[in-house]
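The lines below spell out each chain.
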Amino acid sequence: MEQGINIGKLFGIQFRLHYGWFIIFGLVSVFLATQVFPDTLDNATNLQLWIMGICTSLLFFASVIVHELAHSLVGKANGMKVKSITLFIFGGAANMSEEAETAGSEFKMALAGPAASLGLSGIFYVLYINLNGQSPELAIMNYWLAQINLILAVFNLIPGFPLDGGRILRAVFWQTTKDLAKSTRISTIAGQIFGYLFILAGVFILIRTQDWLSGIWLGLLGWYLSDTARNSFRQYTLQQILKRVTPVEVVASDIPRAKSTQIFADYLTQTPNGDYILVEDENGLAGIINQHSLKNKDNLKSTLAELYTPINEIPVIPSDTNALDIARRMNEDKIEIVRLASEDTRVSFITLDSLIAYMNKASEKGFTDA
Ligand SMILES: [Zn+2]
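Attention here is on the structure that accompanies the text. As the structure is a computational prediction, the values presented were derived from the model and not from experiment.

1. Details of helix H1 (residues 20-40)
Given a rise of 1.5 Å per residue, 21 residues ought to cover 30 Å, and the 30 Å separating the end C-alpha atoms of H1 matches this to within 8%. Along H1, the sharpest kink reaches roughly 40°, centred on Leu32. Listed as buried for H1 are Gly20, Trp21, Ile24, Phe25, Val28, Ser29, Leu32, Ala33, Val36 and Phe37.

This is the structure we're talking about:
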């Protein structure tokens, strides 16, 4: 999820490119330069075809950015925080730090992306009409871009969660039933059904037409759709569970303690397991050490006193936070440990591992109950 390169900021939103994007960018350029454009342009040189392919490919990805930006700006207008947008292999994904609070805002936000793609498709089509007589090269580029944006709009409107169409479906059910959980269940099931239909269609094409490429491509798309639908329901259920969990339930209870005068290497030979060490000096608890960040030769001869992070430098979370907010905070701030605020002198920590351990337990239990 987090792999990628920052490419810049627009409207306060950080844009990132996933590494897989480069592969797709290359494939689209090759496909356009060698398959699509030569068919209609007889006199074009290879260099011309390649320049056209790369430019069109760039404009296609700009279109994906516009689609995601439309979601994000409508989301922001409805009071949601959008930190970043990552462009993936299958288009893009906006990283929202929270879900929509009302069915109405979810509906508007979900609709914004396909609406933007439809608008772009229209603009490229008008350009195509106007350029057709003058420049066949620019005309064919605009024609392809009109087509791909239309496909993008239609594909995203498939009513299966987590696609935009599935979000629209969820918003409609949510508005009428006032039951978000049930609406999520229905729209993710719809996502799975559409996924299976795609797989069936792929198999059908394979058998009937022997068109392997289309058959396999449709099948893969269907598998991807049903898989993400299933996962997003699991994710939703897990979020609902975590929302009800208090921080005390996810505290890391078994962090070993050690004296600050101890040498790190000696500590490791005595207690080789565990990720963290609580370091005590004559005044009591002084700091904490994350072993993984320190296991290099230079640190082995140091005393624990030289290595620990003072307790008061660990981010503090209020005791009325729920486990879901803690997980989000850790993810956003890229931290692996937080300290739980308490009124007495007790000091307790929540680590990424203690949170994950709880989530694993909850998902086993929660999903069999659900
Ligand atoms: Zn979208």
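2. Side note on the sheet that holds strand E9 (residues 316-317)
Ordered by their spatial adjacency, 3 strands build an open sheet running E9-E10-E11, and the pairing between neighbours is mixed. If you trace the sheet from one side to the other, it starts and ends with E9 and strand E11 (348-351), each paired once. Across 4 bridges, strand E10 (residues 337-340) lies against E11 in antiparallel orientation. Bridging from a neighbouring strand, Val338 pairs with Ile350 of E11.

3. Notes on the packing of helix H2 (residues 46-77) against helix H4 (residues 136-156)
At a minimum axis separation of 10 Å, H2 and H4 run at an interaxial angle of 35°. For the pair H2 and H4, the crossing hand works out as right-handed. For the pair formed by H2 and H4, the contact residues are Gln48, Met52, Cys55, Thr56, Leu59, Phe60, Ser63, Val64 and His67 on the first element and Glu137, Ile140, Met141, Trp144, Leu145, Ile148, Asn149, Leu152 and Asn156 on the second. Partitioning the contact of H2 with H4 into residue classes produces 11 nonpolar, 6 polar and 1 charged.

4. Details of the coordination of the zinc ion
Around the zinc ion, the protein supplies His67 (NE2), His71 (NE2), Asp164 (OD) and Asp164 (OD) as donor atoms, at distances of 2.0 to 2.7 Å. Mapped onto the sequence, the donors of the zinc ion take the spacing H-x3-H-x92-D. Here the residue His67 occupies a position in helix H2, and Asp164 occupies one in helix H5 (residues 164-177), the gap between them amounting to 97 residues. Assessed through its relative accessible area of 3%, His67 is described here as buried.

5. Considerations on the pairing of strand E1 (residues 5-10)
Here E1 runs beside strand E2 (residues 13-17); their pairing, made up of 5 bridges, is antiparallel. By the bridge assignment, Ile5 is partnered in E2 with Leu17. Between E1 and E2, which pair antiparallel and follow one another directly, the connecting turn spans 2 residues, one of which, Phe11, has a positive phi of 50°.

6. Brief notes about the pattern of salt bridges
One pass over the full model with this rule turns up 6 salt bridges. Here Arg170 makes a salt bridge to Glu106, at a shortest N to O gap of 2.7 Å. Here Glu106 lies in helix H3 (residues 103-131) and Arg170 lies in helix H5, a separation of 64 residues in the sequence. Glu106 matches Arg170 in its accessibility class, with the two residues each being buried. Residues joined in a network through salt bridges with shared partners are Glu106, Arg167 and Arg170.

7. Observations regarding the sheet that holds strand E7 (residues 284-290)
Taken in spatial order, the 4 strands line up as E5-E6-E7-E8 in an open sheet, and their pairing is mixed. If you trace the sheet from one side to the other, it starts and ends with strand E5 (257-259) and strand E8 (309-310), each paired once.

8. Side note on a nonpolar patch on the surface
A cluster of nonpolar residues, Trp212, Ile216, Leu220, Trp223 and Tyr224, forms a patch on the protein surface that exposes about 570 Å² of accessible area. Here Trp223 shows up in helix H7 (residues 212-243).

9. Re the side chain of Asp164
With no salt bridge to any partner, buried Asp164 finds its closest opposite charge in Arg167, at an N-O distance of 5.1 Å. Excluding residues that lie within four positions of it along the chain, Asp164 makes contacts with His67, His71, Ala110, Pro114 and Asn156.

Rules used in this analysis
Residues numbered from 1 in each chain as written. Predicted model: local features only at pLDDT ≥ 70, side-chain atom pairs only at ≥ 80, totals over all residues. Heavy atoms only, no water. Helix = DSSP H or I, 4+ residues; strand = E, 2+ residues; numbered from the N terminus. Expected span 1.5 Å × (residues − 1). Bend = angle between axes of the 7 residues up to and from the residue. Buried < 20%, exposed > 50% of the residue type's maximum accessible area, 1.4 Å probe, protein only. Pairing = 2+ DSSP bridges. Axes fitted to C-alpha atoms, helices over the stretch in contact; angles between N-to-C directions. Left-handed = near helix turned anticlockwise from the far one by under 90°. Contact = heavy atoms within 4.5 Å. Nonpolar A, V, L, I, M, F, W, Y, C, P; charged D, E, K, R; others polar. Donors = N, O, S within 2.8 Å, 3.2 Å for Na, K, Ca; no water. Salt bridge = Lys/Arg side-chain N within 4 Å of Asp/Glu carboxyl O. Patch = residues over 30% accessible without salt bridge, like charges linked within 9 Å, V, L, I, M, F, W, Y side chains within 5 Å. Areas by Shrake-Rupley, 256 points an atom, 1.4 Å probe, with all protein chains shown as cover. Lys, Arg positive; Asp, Glu negative; His and termini not counted.

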